[in-house]
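Chain residues, written in single-letter form:
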Amino acid sequence: MRTRPPGGRSAATRDQSAGAPQGRPAARNPGAGAAQNESAGPKPSGTPEGGPTTGRSVTIMDVARRARVSKTTASDALSGSGRVSAATRARIEAAAAELGYVPNSAARHLRRGKVGTIGLYIPRQVMGLPFYMEFAFAAARRAQEHETDLTLLAPAPRAAGAPRLRADGLITIDPMPDDPVTATLLTADIPIVTVGGHRSPVAAPIGVVRGDYRGSMHRLLDHLAEAGATVPAHIATDATFQSEWAVLTRTAYEQWCDHHCVEPCVRTVAPDATPDTIGQVVRDLLADHPATDALVCAPDGTAICALNTLHSLGRRVGDDILLAACVDNASLQLCDPPITAIDLHPRDYGTVSVDLLVDFLTGAEQPPLTRPHAIDLRIRPSTSAHGR
């Protein structure tokens, strides 16, 4: 252990002081002088003009000092608001990039009286289906691009009311008229965008995103007819899930059959039905209507279960019976044979829904708002009818 000599100074310090000429200050430590000279010279590029930021986050004031503007001007330039010239904005953005400035979105939302979060409500019956999960992932990514969080509302128990929500706005997908949660949310003091219309006499959403469900179903049935099908049957969603998509899809099938003088054949299953239940429905349908030569499955995932059942019955899918789905997903492309489907583009759906809500929240557009959504038909070997 080192000890300090009497007098409170180290021996090295006393020697250095004694060796210095009288009347002149002792020589400075070279390292200390270097540090002092560096501090007095130009600032390095990573240090704001107002001083170093080592040990703390870069603030908007640091950016403002570096760009030689006021704090308000710097804030307006980086948030895209206010009247800031292009040259000034570029200088501020360059300063922010040099300093590694990261905006404090929470503080910004607080100043504007916003929560900084939008909610997403998915009906309990379809919560785990591929379409809705892809929609949710895309919506979350788009919300992040808008510097907003997305909160997925947990499905409430049947007897419970609407889930508690603290958000600036809400997206609800496939709202149903008899869903008490949707009804409560629509009457709450919060802007709501629905994916698909909602038949409610009480309240209306500020915006709706919807696709041409009827037209897409007609295109699919026309394709089946061109492939040689004359007796198409339809597996629809049951009474537990009657969204606009579900209603219009079934109605379109019935209208097409009426127009083509075909006797409609409809069976229903719950959107979360088990594979065994779906398989039994397919067996019963074919037993009751043996002339069926095409099967159109509406609920997401039903077509794969139907394919397995048809194989077990010795049917040649794509040959003596055609098979198609009303909701496409990646699994349908991997089946044997791959299954024709209506592509609802769930990721685009999620992106457009968030954009519509954000446009309203930022004042870019005013209700009522409607955004059309493109839907495509993906034709695959399950409806090729090579043997006909």
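In case you missed it, the structure is sitting above this.
This section reports on the structure supplied with the text. If you're wondering where the values come from, they're calculated on a predicted model, not measured in any experiment. (Residues numbered from 1 in each chain as written. Predicted model: local features only at pLDDT ≥ 70, side-chain atom pairs only at ≥ 80, totals over all residues. Heavy atoms only, no water.)

1. Things to note about the side chain of threonine 383
Reasoning step 1: Residue position: threonine 383 is located in the segment after β12 (376–378).
Reasoning step 2: The exposure class of threonine 383 is buried, given its relative accessible area of 1%.
Reasoning step 3: For threonine 383, the side chain forms a polar contact with the side chain of histidine 223, separated by 2.7 Å.
Reasoning step 4: In contact with threonine 383, not counting residues within four places along its chain, are His223, Leu224, Ala227, Gly318, Leu322, Leu323, Ala324 and Thr340. (Helix = DSSP H or I, 4+ residues; strand = E, 2+ residues; numbered from the N terminus. Buried < 20%, exposed > 50% of the residue type's maximum accessible area, 1.4 Å probe, protein only. Polar contact = N/O pair within 3.5 Å; in protein donor to acceptor, adjacent residues only side chain to side chain. Contact = heavy atoms within 4.5 Å.)

2. A few points about the sheet that holds strand β11 (residues 369–373)
Across a sheet, paired strands are connected by hydrogen bonds in the backbone, their directions being either parallel or antiparallel.
Reasoning step 1: Strand order in this open sheet of six strands is β2-β1-β3-β4-β5-β11, and the pairing throughout is parallel. The open sheet has two free edges, formed respectively by β2 (149–153) and β11, since each of these has just one partner strand. Geometrically, the sheet is characterised by an average inter-axis angle of 20 degrees between neighbouring strands, direction not taken into account.
Reasoning step 2: Summarising the sheet, strand β4 (residues 192–195) and strand β5 (residues 207–211) pair through three bridges and their orientation is parallel. Each residue of the ladder has a partner; that of valine 193, found in β5, is glycine 207. (Pairing = 2+ DSSP bridges. Axes fitted to C-alpha atoms, helices over the stretch in contact; angles between N-to-C directions.)

3. Quick word on the nonpolar core
Reasoning step 1: Core analysis: the biggest nonpolar cluster contains 74 residues, and Ile171, Trp245, Leu295 and Leu323 have the highest contact counts within it.
Reasoning step 2: When residues in this core are grouped by element, the largest group, seven residues, is from helix α10 (residues 244–259).
Reasoning step 3: With sequence-adjacent residues up to four places away left out, isoleucine 171 is seen in contact with Ile118, Gly119, Leu120, Tyr121, Phe135, Val193, Val195, Ser353, Val354 and Leu357. (Core = buried A, V, L, I, M, F, W, Y, C linked by side-chain atoms within 4.5 Å.)

4. Re the packing of aromatic side chains
Reasoning step 1: The tally for this structure, following the rule as stated, stands at three aromatic pairs.
Reasoning step 2: Ring centres of phenylalanine 131 and tyrosine 132 lie 5.0 Å apart, and the angle between their planes is 85 degrees; this geometry places the pair in the edge-to-face category.
Reasoning step 3: Judged by its relative accessible area of 6%, phenylalanine 131 falls in the buried class.
Reasoning step 4: What makes tyrosine 132 buried here is its relative accessible area of 5%.
Reasoning step 5: With 6.4 Å between their ring centres and 55 degrees between their planes, phenylalanine 135 and tyrosine 349 make a pair best called tilted. One end of the pair, phenylalanine 135, is in helix α7 (residues 130–145); the other, tyrosine 349, is in helix α13 (residues 346–361), and 214 residues separate them in sequence. For the residue pair phenylalanine 135 and tyrosine 349, the accessibility class agrees, reading buried in each case.
Reasoning step 6: Within the aromatic cluster, the residues linked to one another by ring pairs are Phe131, Tyr132, Phe135 and Tyr349. (Phe/Tyr/Trp six-rings, centres within 6.5 Å; stacked < 30°, edge-to-face > 60°.)

5. Quick look at the pairing of β5
Reasoning step 1: Most of β5 sits out of view: four of its five residues are buried.
Reasoning step 2: As paired strands, β5 and β11 are joined by five bridges and run parallel to one another. Paired with arginine 210 across the bridge in β11 is proline 372.

6. Description of unusual backbone geometry
Reasoning step 1: The peptide bond linking aspartate 336 to proline 337 adopts the cis configuration, its omega dihedral lying at 0 degrees.
Reasoning step 2: The topology assignment puts proline 337 in the loop between β9 (322–325) and β10 (340–343).
Reasoning step 3: Despite not being glycine, cysteine 261 has its phi angle at roughly 55 degrees, a positive value.

7. Considerations on the sheet that holds β10
Reasoning step 1: Taken in spatial order, the six strands make up an open sheet running β7-β6-β8-β9-β10-β12, and their pairing is mixed. Because the sheet does not close on itself, it has two edges, and the strands there are β7 (266–269) and β12. Averaged over all adjacent pairs, the angle separating strand axes in this sheet is 20 degrees, with direction ignored.
Reasoning step 2: In this sheet, β9 lies alongside strand β8 (residues 294–297) in parallel orientation, the contact comprising four bridges. Paired with alanine 294 across the two strands is leucine 322, which belongs to β9.
Reasoning step 3: Relative to the sheet, helix α11 (residues 275–288) contacts β6 (232–237), β7 and β8, its axis offset from that of β7 by approximately 170 degrees.

8. Quick look at the pattern of salt bridges
Reasoning step 1: A complete count under the given rule lists 15 salt bridges for this structure.
Reasoning step 2: Measuring nitrogen to oxygen at the nearest pair gives 2.7 Å for the salt bridge that ties arginine 66 to glutamate 98. Here arginine 66, found in helix α3 (residues 60–67), pairs with glutamate 98, found in helix α5 (residues 86–99); they are 32 residues apart in sequence, far enough to count as distant.
Reasoning step 3: A relative accessible area of 16% means that arginine 66 is categorised as buried.
Reasoning step 4: Overall, glutamate 98 belongs to the partly exposed group, its relative accessible area being 47%. (Salt bridge = Lys/Arg side-chain N within 4 Å of Asp/Glu carboxyl O.)

9. Concerning the packing of helix α9 (residues 213–226) against α10
Reasoning step 1: The geometry of α9 relative to α10 is characterised by a closest axis approach of 8 Å and an angle of 40 degrees between their N-to-C directions. One way to sum up the angle between α9 and α10 is to call them oblique. The two elements α9 and α10 meet at a crossing, and its hand is right-handed. From α9, Tyr213, Arg214, Met217, His218, Leu221, Asp222 and Ala225 reach across to α10, where they touch Glu244, Trp245, Leu248, Thr249, Ala252, Tyr253, Gln255 and Trp256. (Parallel < 35°, antiparallel > 145°, perpendicular 65-115°, else oblique. Left-handed = near helix turned anticlockwise from the far one by under 90°.)

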